[in-house]
Amino acid sequence: MNNIKNKLYMGLIFFIFFIVVIRLFHLQIIKGEVYNKLSEQNRVRTIKIPAPRGIIYDRNGIPLVENIPSFSVSLSPEYTQNIDIKILSKILNVPEEEIANKIKKKSESVYIPIRIKENLTFKEVAMLEARKSEIPGLLIEIEIKRHYVYKEATAHLIGYLGKITEEHIKNNPSFREFPHYFKVGQAGLEYIYDGKLRGIPGEKVVEVDALGRELRLIREIPPQKGEDLYLTMDAFLQEAAYETLKNYDGTFIAIKPDSGEILALVSTPSFDSNLFVERIDPKYWTELINNPKKPLLNKAIQGLYPPGSTFKVITALAGLEEGLITPEQILTICRGGLSIGKWFFACWKKEGHGPVNLRKALAESCDVYFYELGRILGINRISKYAKALGLGSPTGFGFDEKNGLVPDEEWKMKVLKTNWFLGDTFNTAIGQGFLRVTPLQMALVMATIVNGGIKHKPTIIRNMQTNYERLNLNQNNLNIIKDALIAVVNEPSGTAAQARSNLIKFGGKTGTVQVVSKKVKEKFSHKHFEHHAWFIGFAPVDTPEIAFSVIIEHGGSGGAVAAPVAKNILEGYILKKRQLNVEN
Amino acid sequence: MLKIDRRLIENFDWITFITVIVICFIGILTIYSATRPPLDEGERPPFYIKQIIWLTIAIIFLFIFVSFDYTKLKNFWIIFYLFGFFLLIIVLFSGKTAMGAKRWINLGFFSFQPSEIFKIIFVISLSAYLSDKKSPLTIFESIKILIIFALLPFILIFKQPDLGTALMIVFITFIMLIYKGIPTRLLIFFVCLALVSVFFLWEILWEGLKEYQRNRLTAFIDPTVDPKGIGYNIVQSMITVGSGQFFGKGFLSGTQGPLKFLPERQTDFIFPIFAEEWGFLGCLVLLSLYLIFFVRIFKVSTIAKDSFGNLLSIGFTTIFIFYFFINIGMTLGIMPVVGIPLPFMSYGGTTLLANFIGIALIINVRMRRFELFYP
């Protein structure tokens, strides 16, 4: 009996060993490689190091964006239990409660240090360093932070950085590999040229223990700095523009007429891009989003407005080019309006302009002259010139721009399903009605008029091969218009006579856009029913170096508001330049 | 006072002794690797030094426990058993709590686990009690034994709670009863009872378990349920073993232990540390040592001169095999996680001492198998 039991017992011993060996074979030989990889994954952590982004310079080499060191203080989670919060609270000026909450909230993840405060001052860093021994697990980290030197002045042009969102990953799948703390361009040039500016992230492979502490550096690949960006923009002009425009809601965009280079682009109200660098304060964000003046919108390229009287430049050019008028020809006698059947088309000047030729019509912005010219031209010829000069289609700037709209008979039939009336032609000829343009498009029209008829594709990057199209325009006709535009500012009867500058002689065309009908406006004197004020211009008059457009939303009349704004900006720029020359 | 017979020295089982010492040294090397500086800070003196000290003490105890005739223990079993019970009761009241369980008694200069001491006392007492009974046992006698030697200690140890040791007590009682000769009807009844309780009473048993015990079972059935939480130990243990592959990562080149991915690495999970560094090959060598040891001590039970010696050696042999299989099985993911150390390898003074007393008694039985008459 005992013999059987003994044999069974021995059998059990061998059976147990058999099972153990089989299992070991399974784990170590069959699945050994898998487990080996898993143990490596445990031990080795790869940390991506963001590359310093490229610097953005203006046309004179002035940095518009810098990378500056930023200090932040964190705590190692493993030491947080026996830490004296009081000292930290005192040095950092953060309430004890807030620090305690941060520690409590983050204690779930054992690895990641708890960020207590960012953007420390040098004094705070020094005080922390001095008392480091009293606070175990204290980490003072240096990061490279983006700093926008000109803040609000360049916000729309340069844009800002932010965290990677699902949408970014959809557009650029390689972003998926980037860790959550990486920041990428979200708007403006930071967004468009993100690939260039970003550089190549580095990599640090470290051995870690189960608590996530870094024990040993295994290998390190340093990051490669992103490419610098050299803009065509002139920081002085940009700054001068913002200094004037910050008191209004509007935009200023300036172009070099002979190359299409953007010299300045300002949109107001603006925002401080630096506030987007760190996690943006939600209060400030909702404020920006809900602001009816749309501070986040780049009005120079995304704002659509009827061009108003600035469009008369195009109507006039069409008339001359088609040979329908001569400059001295008295096309009409303005008596304050024009009656067609039961409709009355008013001139802005109730008492009328009397006999008007082209020069006077442009200088004093006579509506009746352009009604008449519109009638002679017909809508299709007007729209042909408008489109040739770049209206109604994107300029190819590269930003997310609006197309605008140039109406004609076909368009109206297709979209509004009604016939084109003569009244529509009248409205279009003076820049009202269905016409919609962006300030950038109008600045380009101005540039084409003064550069001898070359339509440039606008560019913001220096030394970039640019496209241009030589429009077949008569130089003489262009000079006639240019001469009339000089009169707008520099002759006493010109609509922008009050903007005449002693510092710089410039020309241009005013525009005043009705937002609501005259009746409504007279009934309710609300700010939002005020006219939009336009001014497109060029300077200096002899050899124009700059073509620009200004719009002041609900500002009033072009001559009284927009043209003086343009004058202020130009003078501000000249004064800045002079001051710089004196300093040097 | 001690009369050392030359025949006794000749009969001392050097093979068992040396096998155990070799396993202990492998254990010390592995403890060193698992807790090696500078990665592991704190413990002073280091674990491996303490283990060397304990091993020295254990060897002294071994020689003390082979120096006298084991049959003398038989007369004192009631006193031993009452003392063992006393220890189990006081640990419940004044025990030191570690990780939710009261298993330790602190004597100031050192702490020990009463259940380890009880293990020895239990095997001696049960062997002594059974050796005088007629074989096979009556049903009444069997039930009496089960209550006194299995149920009562089970309750006390389960309360600590130390499920592993508690189950071991019941298991060993059955093995020894079977060896002595349990009525077949009773054995069948208990087997059926065990099966029934698994099917119908598992919910009640489940409720009776502590939270962490339930988690361990859930994790055993499917470690991937929560690999960072309750399944963590099992998953990390299997990674550690598996990553050793055929040749191992090499001594002191393991990463799972020193970098603390594997918990309890110098005690319950010492085997994965060894398996990681020495690979499948090393494991085969280590397992061979254990196999030689088990076969060797088991043989003693077949050649013991009396029923007491037979039961004593079968009892201790079963304890070693039970611990070995539960521990290795747990580290390989084929047994649920039960806090049981690997004999002779895991760090721990009381366990080492108790295990050496166990082998000492087996060697004692073997040495004196030729002495036919009690002196």
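Residues numbered from 1 in each chain as written. Chains lettered and ligands numbered in written order. Predicted model: local features only at pLDDT ≥ 70, side-chain atom pairs only at ≥ 80, totals over all residues.

Caption draft 1: Focus on the interface of chain A and chain B. Taken together, the contacts link 26 residues of chain A with 30 residues of chain B. When contributions to the side of chain A that touches chain B are tallied by element, the ones reaching two or more residues are α1 (2-30) and α2 (32-43) of chain A. In terms of residues, the side of chain A that touches chain B owes the most to one element, α1(A), which gives 15 residues. Taken together, the residues of the side of chain A that touches chain B sort by class into 15 nonpolar, six polar and five charged. (Contact = placed C-beta atoms within 7 Å. Helix = DSSP H or I, 4+ residues; strand = E, 2+ residues; numbered from the N terminus. Nonpolar A, V, L, I, M, F, W, Y, C, P; charged D, E, K, R; others polar.)

Caption draft 2: Examining the sheet that holds strand β1 (residues 44-49) of chain A more closely. Residues and elements named next belong to chain A. What the three strands build is an open sheet, ordered β1-β8-β9; its pairing is antiparallel. Looking along the sheet, the strands with just one partner apiece sit at the ends: β1 and β9 (214-221). Strand-to-strand, the axes of this sheet are offset by a mean angle of 25°, without reference to chain direction. Two elements, strand β8 (residues 202-208) and β9, share six bridges in a ladder whose sense is antiparallel. From the neighbouring strand, V208 faces β9, where its bridge partner is E214. (Pairing = 2+ DSSP bridges. Axes fitted to C-alpha atoms, helices over the stretch in contact; angles between N-to-C directions.)

Caption draft 3: Seen up close, the sheet that holds strand β11 (residues 250-255) of chain A. Residues and elements named next belong to chain A. An order of β12-β11-β21-β20-β19 is seen for the five strands of this open sheet, with the pairing classed as antiparallel. Of all the strands in the sheet, just β12 (262-268) and β19 (507-513) have a single pairing partner and so form its edges. In this sheet, adjacent strand axes meet at a mean angle of 10° when their direction is disregarded. Relative to strand β21 (residues 546-552), β11 is paired through six bridges, and the arrangement is antiparallel. Bridge pairing in β21 links I253 to S549. Helix α23 (residues 558-583) rests against β11, β19, β20 (532-539) and β21 of the sheet, and its axis sits at about 40° to β20.

Caption draft 4: Here's a closer look at the nonpolar core. Ranked by size, the top nonpolar core spans 116 residues in total, and within it A443(A), M446(A), F548(A) and A562(A) carry the most contacts. Mapping this core onto the domain boundaries places at least three of its residues in each of domain 1 (47-230) and domain 2 (235-284 + 294-583) of chain A. Sequence-distant contacts of A443(A), defined by excluding residues within four places in its chain, comprise I253(A), A254(A), I255(A), I536(A), A547(A), F548(A) and S549(A). Within the second largest apolar cluster, 110 residues are counted, among which are V66(B), I117(B), I270(B) and F294(B). (Core = buried A, V, L, I, M, F, W, Y, C linked by C-beta atoms within 7 Å. Buried ≥ 20, exposed ≤ 12 C-beta atoms within 10 Å, placed from the backbone. Domains from an automatic or database assignment.)

Caption draft 5: A look at the environment of V73(A). Residue and element names in this part refer to chain A. Following the sequence through the fold, V73 ends up in strand β3 (residues 63-75). In this structure V73 comes out as buried when scored by C-beta crowding, with 23 C-beta atoms within 10 Å. Sequence-wise, V73 and I114 are 41 residues apart; in three dimensions their C-alpha atoms are separated by 8.5 Å. Excluding residues that lie within four positions of it along the chain, V73 makes contacts with L92, I116, K117, L120, L128, L138, L139 and I140.

Caption draft 6: Structural context of helix α14 (residues 312-321) of chain A. Within α14(A), nine of the 10 residues are buried, leaving the element largely enclosed by the surrounding structure. K312(A), V313(A), I314(A), T315(A), A316(A), L317(A), A318(A), G319(A) and L320(A) are the residues of α14(A) that are buried.

Caption draft 7: How the structure looks around the packing of helix α2 (residues 14-34) of chain B against helix α12 (residues 270-303) of chain B. Residue and element names in this part refer to chain B. Running from amino to carboxyl end, α2 crosses α12 at an angle of 165°, the nearest separation of the two axes being 10 Å. In this view, α2 runs roughly antiparallel relative to α12, as classed from their interaxial angle. Here α2 and α12 pass one another in a crossing that is left-handed. Seen from α2, the contacting residues are I15, T16, T19, V20, V22, I23, I26, G27, T30, I31, S33 and A34; seen from α12, they are I270, I273, F274, E277, L286, L289, Y290, I292, F293, R296 and I297. Here the residues of the contact of α2 with α12 sort into 16 nonpolar, five polar and two charged. (Parallel < 35°, antiparallel > 145°, perpendicular 65-115°, else oblique. Left-handed = near helix turned anticlockwise from the far one by under 90°.)

Caption draft 8: Layout of the environment of I68(A). Residues and elements named next belong to chain A. When you line up the elements, I68 lands in strand β3. The class of I68 is exposed, set by 9 C-beta atoms lying within 10 Å. It is 5.6 Å that separates the C-alpha atoms of I68 and I144, two residues lying 76 residues apart in sequence. Contact partners of I68, with chain neighbours within four places excluded, come to K145 and H147.

Caption draft 9: Structural context of the pairing of strand β15 (residues 343-346) of chain A. All names here are of chain A. With four bridges connecting them, strand β14 (residues 337-340) and β15 associate as antiparallel partners. Counterpart to S339 in the pairing with β15 is F344. Following β14, the chain reverses through two residues before pairing antiparallel with β15; G341 in that reversal takes a positive phi of roughly 60°.

Caption draft 10: Quick peek at the confidence of the model for chain B. When pLDDT is averaged across chain B, the result is 84; 85% of the residues are at 70 or more. Scored as a whole, the predicted complex attains pTM 0.69, and scored at its interfaces, ipTM 0.90. (pLDDT = per-residue confidence, 0-100.)

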